[in-house]
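# Residue-level structural notes
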Amino acid sequence: MRKFSCFFIAMLAAVVFTSEAKASSTGLQIIYSPAGIQRLSYNDVTLADTSLYPSDAFHIGHMKITDRKGNLLSGGQYNWGENNNGHTWNASTKTWTYLFTWGSIAVQCAQEGNTLNLQVTETNSADSGIVLEGATIYPFVLHFPKLPAGFSDAKYEQLTFNTTGPSVTVADYGGGQVAAVVPDAAKPLYSGYEPAGTANAYFPIISSTPIDNMATFFPRNDRPVKPGETDTFTVSLRFAPSGTPVSNLAADAYRNWAKAWPPVVHWTDRRVIGTVFLANSPQGNMNKPGGYPNNPRRYFNNANAADFDIATPAGLAKFQAKVLNRAADTALNLKKLNAQGVITWDIEGEQYPQPTSYVCAPDEIARVAPEMESIISDSASPYNGMKLDDAYFKTLRDAGFRVGVCVRPQHFTLAGGEAANQDQLPESQVVAELTRKMEFAHSRWGATLFYVDSNVEANGQVLNADIFQKVAASFPDSLVIPEQSTRKYFAYTAPFASFVFHGDLGSPADVRSYYPDAFSANLINDVDPAKLAKHTPQLVEFVKQGDILMVLADYWQTNNQAVVKIYEAAGAKKSR
């Protein structure tokens with residue numbers, strides 16, 4: 001149970017008064033008591049009532065405080081907001097104020113029509129000797145009549161962080177909706193809705209430090225207030241009829257976000273991007289190889305030694321011919337698709353099981369897949385004397401298509417013997433890792449399309465979008481397509497979507513409220529044709545809005561013609 005002061009429970013029995021006379025009970029209605037907000041309703045639906053639920057009363061929970069050297073402090077008035085030097089409610093200004101040995105935290109309520117602004121002021125005294133890293137504030141509890149739309153489980157928090165995208169969290173409960181909005185995009189801040197422990201009940205949370213028991217894959221950010229400093233921020237609760245467009249409720253937050261984090265993607269060609277998979281991964285231990293003696297990297301997944309054996313000159317020549325024929329066939333399919341280019345996922349082959357499988361380290365190809373670096377020996381080939389991988393990509397480029405590869409933020413290592421790993425790197429090293437891999441493919445093969453696989457930290461948290469801001473700036477002629485993304489990624493990349501695996505139809509609608517030209521790259525590949533037909537109208541609309549579809553190009557798959565028709569129906573042209 002959350003910690004709160006007995007003072008508030010006792011005061012809830014006091015005489016209730018309202019801040020101003022209301023002629024009508026429609027819209028947002030707030031009744032205050034000597035302990036703060038007692039009752040809140042919207043269009044005659046009561047959403048908060050501390051006389052019925054005393055434990056919903058305003059309180060400050062966990063605080064994070066360090067000394068000047070960054071050492072975490074505990075005990076006394078350094079952990080919980082309810083351990084303090086006193087707290088008051090000012091009825092005239094509608095402000096809660098908590099006093100501490102080191103400073104104060106004040107929360108003011110200001111109603112403007114159907115909006116309740118909760119303004120927090122954190123003050124650290126000049127002689128405190130500490131740094132207030134942040135505090136978690138529980139202003140009251142909203143009891144929704146039913147689980148809001150999109151809240152898949154009442155036990156899950158619905159949070160935004162002000163670092164991964166605009167902090168706008170909507171709770172649409174059918175009879176109305178309330179959006180928790182942070183208008184200022186400049187600093188981290190946790191907002192949204194945290195479960196309060198009873199059915200459909202949520203705190204409209206405000207926190208300047210990570211919330212207790214928060215999911216491990218959520219970002220961790222503090223908002224430090226040093227001695228002699230004051231920090232002020234606002235969470236705005238905006239009530240409206242059910243179904244009101246979020247862009248209407250949060251226009252200022254969206255505008256401020258786009259100003260703080262302007263988009264830099266200017267990719268006008270929205271035609272199809274083809275996909276090529278030259279190999280297939282084995283089953284088993286992800287760190288142990290699963291290739292064949294004649295074909296260690298499982299290219300074409302061919303276990304037949306009589307087909308080609310790269311250990312022999314004749315077998316290697318046959319392998320080279322297969323790779324070049326695959327490139328030529330891919331180019332023909334790309335023309336039929338009216339594609340802009342193609343990404344080869346596994347130029348290094350797939351010697352190891354998933355998730356090690358996709359090496360995505362083109363700069364390591366000579367060591368990882370030496371057969372791809374072999375010199376073409378066919379005297380009749382126009383590529384005689386060239387390295388095989390160079391000839392493969394040149395075939396595609398000469399046909400008029402962009403080429404691309406997969407890269408990963410992890411570092412691929414052969415760990416002695418036959419073992420291999422994808423080593424997780426500190427965030428500070430990821431930009432250099434990605435840039436090095438991309439620069440190799442960009443300079444040597446002319447690659448301008450980059451799929452970034454597994455762009456997550458060890459705990460599952462999506463990598464900071466600022467990494468991709470720096471990477472994209474180094475390759476202004478290229479398109480970066482990260483597997484995982486947050487809203488902020490749309491400023492710098494074309495985030496990956498997966499219709500084939502996740503049923504994604506296109507870019508989130510809210511993104512274009514602040515990034516009008518934002519777009520995704522949506523993988524279709526070999527999805528069930530019936531499923532593709534069922535959702536074709538929606539995919540047509542997303543293509544009209546600028547999303548890119550990705551489809552197999554190394555052979556002509558059933559879905560390819562359907563994708564051609566989707567683009568025709570969308571009236572798509574080469575450029576937008």
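What counts and what doesn't
- Residues numbered from 1 in each chain as written.
- Predicted model: local features only at pLDDT ≥ 70, side-chain atom pairs only at ≥ 80, totals over all residues.
- Heavy atoms only, no water.
- Helix = DSSP H or I, 4+ residues; strand = E, 2+ residues; numbered from the N terminus.
- Buried < 20%, exposed > 50% of the residue type's maximum accessible area, 1.4 Å probe, protein only.
- Polar contact = N/O pair within 3.5 Å; in protein donor to acceptor, adjacent residues only side chain to side chain.
- Contact = heavy atoms within 4.5 Å.
- Pairing = 2+ DSSP bridges.
- Axes fitted to C-alpha atoms, helices over the stretch in contact; angles between N-to-C directions.

## Some details on the side chain of Ser-207
Looking at the secondary structure, you find Ser-207 in strand β16 (residues 201-207). Under the relative-accessibility criterion, Ser-207 is labelled buried at 0%. In this structure the side chain of Ser-207 is engaged in a polar contact, spanning 3.5 Å, whose partner is the backbone oxygen of Ala-135. Within polar-contact distance, the side chain of Ser-207 engages the side chain of Thr-136 at 2.8 Å. Not counting residues up to four positions away in its chain, the partners in contact with Ser-207 are Ala-135, Thr-136, Leu-189 and Tyr-190.

## A short note on unusual backbone geometry
Look at the link from Gln-354 to Pro-355: it is a cis peptide, with omega at 5°. Its place among the elements puts Pro-355 in the loop between β19 (341-344) and α5 (365-368). In this structure, Asn-200 is a non-glycine residue whose phi angle is positive, near 60°. Note on placement: Asn-200 falls in the loop between β15 (190-195) and β16.

## Regarding the sheet that holds strand β17 (residues 230-240)
Spatial strand order, β6-β7-β8-β9-β17-β14-β13: seven strands in an open sheet with antiparallel pairing. Looking at which strands have only one partner, the edges of the open sheet turn out to be β6 (87-90) and β13 (168-172). In this sheet, adjacent strand axes meet at a mean angle of 15° when their direction is disregarded. Pairing analysis gives five bridges linking β13 to strand β14 (residues 177-181), with the strands arranged antiparallel. Counterpart to Asp-172 in the pairing with β14 is Gln-177.

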